[in-house]
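What follows is the residue order along each chain.
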Amino acid sequence: MTTTQAPTAARVRARARSGWPAVTGLLLLSALPILGGALRLGELGADPASAPSPVLAVVIVAHIVGMSVYCLLGAFQFSPALRCRAWHRRVGRVLIPAGIIAALASITLGVFFSGPDEKFALAMVRIAFAVPMLVFLVLATTAIVRRDFTAHGAWMTRAYAIAVTGGTQALVLIVWSILGGETSVESETWLVGVGFVINSLVAEVIIRRRARRGLRRG
Ligand code: HEM
């Protein structure tokens, strides 16, 4: 019994250490918003006038491409196996500018929001998280310049948690509808906020667990 269980447990531990279960989960979480963004890009390509102005069309493209690149490549940064390699550094050089462009574009889209009045509050909730995402990315960059890897990891985790909220928000909305909750713009605004809060709390748990593990290793 023990001889068959031991290698299995070791394999499970090795897989967790490689980080692939986390990477796969994050890629799946990113899939839905990225798909939505790709559809909007197709619509913009077919009808550029569907954007409020040519300048905002460019901002929308920057937002969608920046967020998609950040979510996809960012998932791989959570693999401890890749973290010790040149891959992490090389991808980081693409990731941080992509995240900063995406967050700046989010803020611009929120500030120049021209959609229906009832969606204004939703845009403001998104701005309320786009601003911290930008600040966290700047703090992550200054931390890496100082060679403070712990702080860098913590700020990047917080920024990434905000960026991948699209998937969490979709899950929260699905659970809400299954439970019979009404689907209105007002409830959507609250649920999007809940999605941001859930991801930010999960990020704090991961950061604390990482710190505890670091202390144990001495
Ligand atoms: C992969 C992730 C994401 C994708 C693909 C995406 C895509 C989009 C799309 C297609 C729009 C509508 C643009 C338009 O046609 O006017 C939009 C709007 C917006 N997004 Fe994102 N987004 C993502 C993540 C985020 C995140 C994490 C934030 C904030 C932290 C954010 C903030 C905003 C804001 C402020 C707007 C404009 C206001 C609104 O439509 O509510 N987005 N996004």
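Note that the structure is predicted; figures quoted are calculated from it, not measured.

Draft legend 1. Structural context of the site of the ligand. Neighbouring the ligand are 28 residues, the closest being Gly37, Met67, Leu109, Gly110 and Arg126. Elements represented by at least two residues in the shell around the ligand include exactly helix 2 (20–46), helix 3 (54–76), helix 5 (86–111), helix 6 (120–145), helix 7 (149–163) and helix 8 (165–178). Sort the elements by how many residues they give to the shell around the ligand and helix 6 lands first, with seven residues.

Draft legend 2. Structural view of the packing of helix 6 against helix 7. Helix 7 packs onto helix 6 with a crossing angle of 155° between their chain directions and a minimal axis gap of 8 Å. The angle between helix 6 and helix 7 places the two elements in the roughly antiparallel class. Both helix 6 and helix 7 take part in a crossing whose hand is left-handed. Facing helix 6, whose interface residues are Phe129, Pro132, Met133, Phe136, Leu137, Leu139, Ala140, Ala143 and Ile144, helix 7 presents Ala151, His152, Trp155, Met156, Arg158, Ala159, Ile162 and Ala163. Classifying every residue of the contact of helix 6 with helix 7 gives 15 nonpolar, one polar and one charged.

Draft legend 3. The arrangement of unusual backbone geometry in detail. One non-glycine residue, Arg147, lies in positive phi territory at about 65°. Secondary-structure assignment places Arg147 in the loop between helix 6 and helix 7. Among the residues examined, Arg147 registers 8 C-beta atoms within 10 Å and is labelled exposed.

Draft legend 4. Seen up close, the nonpolar core. Counting 35 residues, the largest nonpolar core has Tyr70, Met133, Ala159, Ile162 and Ala163 as its most contacted members. The dominant element in this core, judged by the number of residues it contributes, is helix 7, at eight residues. Ignoring sequence-local partners within four residues, the contact set of Tyr70 consists of Leu95, Ala98, Gly99, Ala102 and Ala163.

Draft legend 5. Highlighting helix 2. An ideal rise of 1.5 Å per residue puts 39 Å on 27 residues; helix 2 measures up with 37 Å between its terminal C-alpha atoms. A maximum bend of about 35° is found in helix 2 at Ala31, where proline Pro33 lies one to four positions downstream. When helix 2 is considered as a whole, its buried residues turn out to be Leu26, Ser30, Pro33 and Gly37. Close packing links the buried residues of helix 2 with helix 3 and helix 8.

Draft legend 6. Local environment of the environment of Thr168. Counting through the fold element by element, Thr168 comes out in helix 8. Sequence spacing of Thr168 and Asn199 is 31 residues, and the spatial spacing of their C-alpha atoms is 7.4 Å. Filtering out sequence-adjacent residues up to four positions away, Thr168 remains in contact with Leu29, Gly195, Ile198 and Asn199.

Draft legend 7. Broad picture of helix 8. With 14 residues, helix 8 extends 20 Å between its outermost C-alpha atoms, agreeing within 8% with the 20 Å of an ideal straight helix rising 1.5 Å per residue. For helix 8, the complete set of buried residues consists of Thr165, Gly166, Gly167, Thr168, Gln169 and Val172. Once helix 8 finishes, Gly180 follows within two positions and takes phi at roughly 90°, a positive value.

Analysis parameters
- Residue positions are given per chain, counting from 1 as you read along its sequence in written order.
- Reporting of local features is limited, given that this is a predicted model, to residues whose pLDDT is at least 70; pairs of side-chain atoms are given and counted only at 80 or more, and all residues count toward the totals for whole chains, interfaces and linings.
- Placing the C-beta atom from the backbone, one calls a residue near a molecule or strand if that atom lies within 6 Å of it.
- Only runs of H or I of at least four residues qualify as helices and only runs of E of at least two qualify as strands under DSSP, and these elements are numbered from the N terminus.
- Only C-alpha atoms enter the line fits that serve as axes; for helices the fit covers just the stretch in contact. Angles between N-to-C directions range over 0 to 180 degrees.
- Roughly parallel here means an angle under 35 degrees, roughly antiparallel means over 145, roughly perpendicular means 65 to 115, and every remaining angle is called oblique.
- Crossing handedness follows the turn of the near helix against the far one: under a right angle anticlockwise gives a left-handed crossing, and clockwise gives a right-handed one.
- Whether two residues are in contact depends on their C-beta atoms, placed from the backbone: they are in contact if these lie within 7 Å.
- Gly counts as polar in this scheme, as do all residues outside two lists: the nonpolar Ala, Val, Leu, Ile, Met, Phe, Trp, Tyr, Cys and Pro, and the charged Asp, Glu, Lys and Arg.
- To sort residues by burial, count the other C-beta atoms lying within 10 Å of each one's C-beta; a count of 20 or more means buried, 12 or fewer means exposed, and anything in between means partly exposed. C-beta atoms are built from the backbone.
- Each nonpolar core consists of buried Ala, Val, Leu, Ile, Met, Phe, Trp, Tyr and Cys residues. Their C-beta atoms, within 7 Å, join them into a set.
- To estimate how far a helix should extend, the number of its residues minus one is multiplied by 1.5 Å.
- The angle between axes fitted to the seven residues ending at a residue and the seven residues starting there is what we call the bend at that residue.

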